[in-house]
Every structure is written in structure tokens, then in C-alpha cells.
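Report on the structure
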Amino acid sequence: MKKEIKYRVKSIIEVLVFLGVMTAFWFGPRENLAADMSRSINDHYMNKRITVNTNKELTFDNKTNFTITNKMDIEQNYEIVIISDYKKMRKNNCTAIENNYLKYKLNDFEEKNLSVEGVIYTGILQPNEKKDFSINISLDTQNKLNDACYYPVIKASTFYKI
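Attention in this report is confined to the structure presented alongside it. Bear in mind the structure is a predicted one, so any value in this text is a computation, not a measurement.

What counts and how
- Residues numbered from 1 in each chain as written.
- Predicted model: local features only at pLDDT ≥ 70, side-chain atom pairs only at ≥ 80, totals over all residues.
- Heavy atoms only, no water.
- Pairing = 2+ DSSP bridges.
- Helix = DSSP H or I, 4+ residues; strand = E, 2+ residues; numbered from the N terminus.
- Axes fitted to C-alpha atoms, helices over the stretch in contact; angles between N-to-C directions.
- Phe/Tyr/Trp six-rings, centres within 6.5 Å; stacked < 30°, edge-to-face > 60°.
- Buried < 20%, exposed > 50% of the residue type's maximum accessible area, 1.4 Å probe, protein only.
- Core = buried A, V, L, I, M, F, W, Y, C linked by side-chain atoms within 4.5 Å.

Right, let's talk about the sheet that holds strand E3 (residues 76–84) for a bit. Strand pairing in a sheet relies on backbone hydrogen bonds, with the paired strands running either antiparallel or parallel. With antiparallel pairing, three strands are arranged side by side in an open sheet as E7-E3-E10. Edge strands, defined here as strands with exactly one partner in the open sheet, are strand E7 (119–125) and strand E10 (152–158). Sheet twist, expressed as the average angle between the axes of neighbouring strands with direction ignored, equals 20°. Here E3 runs beside E7; their pairing, made up of six bridges, is antiparallel.

Have a look at this one:
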């Protein structure tokens, strides 16, 4: 009888823990958590290890330097993407500015409009190679929206050409 009570108490605790985790996942930052989990799993199984290091937070009209590093012993195709930090947007209760309202200047080349996908550069990194970049992001002032915001973040990911 005592074993049965321990078993039932243990199973109740397991169910409560499961429900707590699922509730936190459901009402928490699902998109970012799910994207980070799938990206980590994908990176682990595909042996992709590209990192981005910035010298400061990315802000409008300020030059920011960052470094892309290949931590693998094999050549990697990669792309650099600018996305908005949706966690900050939810915290400040604002809507996202569309990418076509943003302009960027990478490594003192000509200023360009940000693409819908946010991709600003693609290239190839040799084994254990580092590349330095600088970027300046600005908002198209003619189309400034009052209730919208954008918190830019630089991400790098690897891809395979087919």
C-alpha cells in the first residue's frame, strides 16, 4: 500500500511539473524559444558553428562593429541577417517596422534598403577564419511610424548551396 501511494505522489508531481513547463512555454516567448531550440538542434547535427560578436548594441544612426567567426575546421557558407528583437518589442508593446523602411550601410559601401528577409551579406568563411564588419542602420524618415519600433539584432547562419 505504501509503494502505491509513493508511486501516485510521484506521478502527480511529474504531471504538475510537465504542466508548469508547458504553461511557461505557452505564455512565454514561444517563437524565440522554439526558433532557438530548433536552431541549436540543427547546428548540432549539421556541425554549423558560426558566431557573431558585436562591440555594442546595434542602434540607429550609430556605427557598430562586429565579427563573424567560423569555429569549424571546414569551410562554411553563411549569411548575415538583421532581425528585430521581438522580446523587446513585446515588452514595449509596439508593432514592428517593416524592413523596407530601414536602410543600412555595410563596411562603408553604398547605402541600401534592407530586404524583406533581412539578409545583408552572404559569403564563405574558411576554416577557423574571422571577418570584421561595420554597419550603420538608419530609419527612412519620410515613412516614420508613430506606434512602431524596431530593435535590430545581427544574426549569422550557415547554409548549404544546392
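The subject of this paragraph is the packing of aromatic side chains. All told, the structure shown has three aromatic pairs when counted by the stated rule. Taken together, a centroid distance of 5.3 Å and an interplanar angle of 15° make the contact between Phe 66 and Phe 133 stacked. Taken together, the residues Phe 66 in strand E2 (residues 63–70) and Phe 133 in strand E8 (residues 130–139) connect sequence positions 67 residues apart. Neither Phe 66 nor Phe 133 differs from the other in exposure class; each is buried. Pairing Tyr 78 with Tyr 121 gives two aromatic rings, centres 6.2 Å apart and planes at 45°, and the pair type is tilted. With Tyr 78 in strand E3 and Tyr 121 in strand E7, this pair connects stretches of sequence that are 43 residues apart. With relative accessibility at 29%, the residue Tyr 121 sits in the partly exposed group. Pairwise contacts between aromatic rings join Phe 66, Tyr 78, Tyr 121 and Phe 133 into one cluster.

Moving on, we get to the nonpolar core. In terms of nonpolar packing, the biggest core is built from 22 residues, with Phe 66, Ile 68, Ile 80, Ile 82, Ile 120 and Ile 135 touching the most fellow members. Elements with a contribution of two residues or more to this core: E2, E3, strand E5 (102–106), E7, E8 and E10. In terms of residue count, E8 provides more of this core than any other element does, four residues in total.

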